[in-house]
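Okay, here's what each chain looks like letter by letter:
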Amino acid sequence: MKFHLHVGVIETSDEATLEELLAVTRLGPRVLARVAPNVAILEREDAQSALEELEKRGLHPKVSK
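Residues numbered from 1 in each chain as written. Predicted model: local features only at pLDDT ≥ 70, side-chain atom pairs only at ≥ 80, totals over all residues. Heavy atoms only, no water.

Peer 1: Now, about the side chain of N38: what can you tell me, with residues and values included?
Peer 2: Structurally, the position occupied by N38 is in the loop between β2 (33-36) and β3 (39-43). Taking relative accessible area as the criterion, N38 reaches 18% and is therefore assigned buried. A polar contact of 2.6 Å, which involves the side chain of N38, links it to the backbone oxygen of T12. Residues in contact with N38, not counting those within four places in the same chain, are I10, E11, T12, S13, D14, E15 and L18. (Helix = DSSP H or I, 4+ residues; strand = E, 2+ residues; numbered from the N terminus. Buried < 20%, exposed > 50% of the residue type's maximum accessible area, 1.4 Å probe, protein only. Polar contact = N/O pair within 3.5 Å; in protein donor to acceptor, adjacent residues only side chain to side chain. Contact = heavy atoms within 4.5 Å.)

Now the structure itself:
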């Protein structure tokens, strides 16, 4: 059994967008769980690094804390 108390959730509009995001950020292997085709659970630090990578590329996703 494994507990993750501080996780990041990435939700995209569709599965293809999530796959592209995970490929660009190289976080695919670090996904803890996929709860839906367009939703990935990551460690909080990995989700933060994905956000930073998107911002470097001029994208500004909606963030909920």
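Peer 1: Account for the nonpolar core, naming residues and giving values.
Peer 2: Residues I10, L18, L21, L22, L27, A40, L42, A50 and L54 constitute the largest nonpolar core, which totals 9 residues. Put simply, the parts of the chain that give this core at least two residues each are α1 (15-25), β3 and α2 (44-56). Among the elements that take part in this core, α1 stands out by supplying 3 residues, more than any other. Filtering out sequence-adjacent residues up to four positions away, L27 remains in contact with L22, L42, D46, S49 and A50. (Core = buried A, V, L, I, M, F, W, Y, C linked by side-chain atoms within 4.5 Å.)

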